[in-house]
Amino acid sequence: MAELRAVPGLADDLDVTLSRRDRRGDPVGYVRRSTTGALLPYNPRAAHVAETLVNTLSSWAHLVAERRGLDVDADRTAAGMARWLAAHRDDVRQCEDAAAMFDEITYATGIARRCVDAPAERAYAGPCDECGADLYARLESLDVRCVRCATVYNVNDRRKWLLDAAMDMWLTPAQMARALPGLISRPLTTAMIQGYVRRGRVESRVDTDGHRRVSVRAIVELLQIVTPEHHF
Ligand SMILES: [Zn+2]
C-alpha cells in the first residue's frame, strides 16, 4: 500500500518531466502545439511511463471492481486510480490476484521513479579553454556551455572528447541517429541502425524501461571509424 500512497507524488513529478523540463532544466524533445504552432518541451519517454502507470492502476482497479461488484468512481488518472485502490484495500485483499497486482504496480512505480530521477545522458567534452573547468555536453545538443565561466563551445569542435566519452554508452537507435553523425562525420540513420540490430551485426539490449539500446562502441567498430585516439 506504500506504493499506492507514493503514486500521486510520482504522477506529479512525471507531469513535470513530461511537460516542462527535466531536473537539469533541459527540454528532452519538442512537440508542436497545434493551435499556435509554438514548440513546447516534451519528453516522450515520460509520456510513455506515465501512460503505463495509469494503465496498470486502472486495469487493476477495474478488475477489483468487477470481482467485488463495485464501481470505479474516480478520475482516470494515476492519482485517482491509486486513491480508489487504497480506499478499497479490503476488497483488494479479497482478490486472489492481489499479489500479482502489487508486483505489477511496484514495477510501474519503479520505472516511473527511474524516469523522474534519471539524469540526462551527458558526455565529457574536454576542459574549458578559458577556465579549465570540465565540460559535459548533452550528446544531442549543438552547444556546450561551461558551468563556471559560461563560454559556449560548438559540440562538433569537441568531438574528440565526446566520441571518446560516448563509446561506453548505450543509446536508442533514435538517440544515436541524432547524436553520432556529427561526431563521426558520416550519415547514420535510425533505419540503418535498426538494420544492423536485426541482422545481429551490433550488440543491443532491451532495458527495464522497454527501450532497445545499442552499444555506441559496437556501431563505431562496425563502421570501422577511426577512434579519436588514432585520429587526432
Ligand atoms: Zn570555462
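Cut-offs used in this document
- Residues numbered from 1 in each chain as written.
- Predicted model: local features only at pLDDT ≥ 70, side-chain atom pairs only at ≥ 80, totals over all residues.
- Helix = DSSP H or I, 4+ residues; strand = E, 2+ residues; numbered from the N terminus.
- Buried ≥ 20, exposed ≤ 12 C-beta atoms within 10 Å, placed from the backbone.
- Contact = placed C-beta atoms within 7 Å.
- Expected span 1.5 Å × (residues − 1).
- Arc of directions from axis to C-beta.
- Pairing = 2+ DSSP bridges.
- Axes fitted to C-alpha atoms, helices over the stretch in contact; angles between N-to-C directions.
- Parallel < 35°, antiparallel > 145°, perpendicular 65-115°, else oblique.
- Left-handed = near helix turned anticlockwise from the far one by under 90°.
- Nonpolar A, V, L, I, M, F, W, Y, C, P; charged D, E, K, R; others polar.

Asker: Looking at this structure, how should I read the overall build of the chain?
Answerer: Per the secondary structure count, the chain includes 10 helices and nine strands. Counting only residues that meet the buried cut, the chain has 26% of its 232 residues in that class. Long-range contacts, defined here as pairs at least 24 residues apart, represent 50% of the contacts in the chain between residues at least 6 apart.

Asker: I keep staring at helix α7 (residues 173-184) and nothing clicks. Help me out?
Answerer: Since the α-helix packs 3.6 residues into each turn, any two residues three or four apart lie on the same face. Compared with the 16 Å implied by 1.5 Å per residue over 12 residues, the 15 Å span of α7 between its first and last C-alpha is a close match. When we look at burial in α7, the residues that qualify are Pro173, Gln175, Met176, Ala179, Leu180 and Leu183. The arc that holds the buried residues of α7, viewed along the axis, is 135 degrees, so those residues lie on one side. Tucked into the core, α7 has its buried residues touching α6 (159-166), β7 (170-171), α8 (190-198), β9 (212-215) and α9 (216-222).

Asker: Looking at this structure, how should I read the pairing of strand β4 (residues 134-138)?
Answerer: Two faces make up the sheet, and in a regular strand the side chains alternate between them. On β4, burial follows the alternation: Leu135 and Ala137 on one face are buried, whereas Asp134, Tyr136 and Arg138 on the facing-out side are not. As paired strands, strand β3 (residues 122-127) and β4 are joined by four bridges and run antiparallel to one another. Looking across to β4, one finds that Pro127 is bridged to Asp134. In textbook terms, the turn of a hairpin is the stretch between consecutive antiparallel strands, and for β3 and β4 this stretch comprises six residues, one of which, Gly132, has a positive phi near 85 degrees.

Asker: I would appreciate a short explanation of the packing of α7 against α8 in the present structure.
Answerer: Axis angle and axis distance: for two packed helices, these are the angle between their axes and the distance between the axes, and together they describe the pair. Where α7 meets α8, the axes come as close as 8 Å, and the angle between the chain directions of the two elements is 125 degrees. Here α7 is positioned oblique relative to α8, judged by the angle of their axes. Crossing handedness for the pair α7 and α8: right-handed. Across the interface between the two elements, Pro173, Ala174, Met176 and Ala177 of α7 pack against Thr190, Ile193 and Gln194 of α8. For the contact of α7 with α8, the per-class residue count stands at five nonpolar, two polar and no charged.

All we've got here are geometric facts, nothing functional implied.
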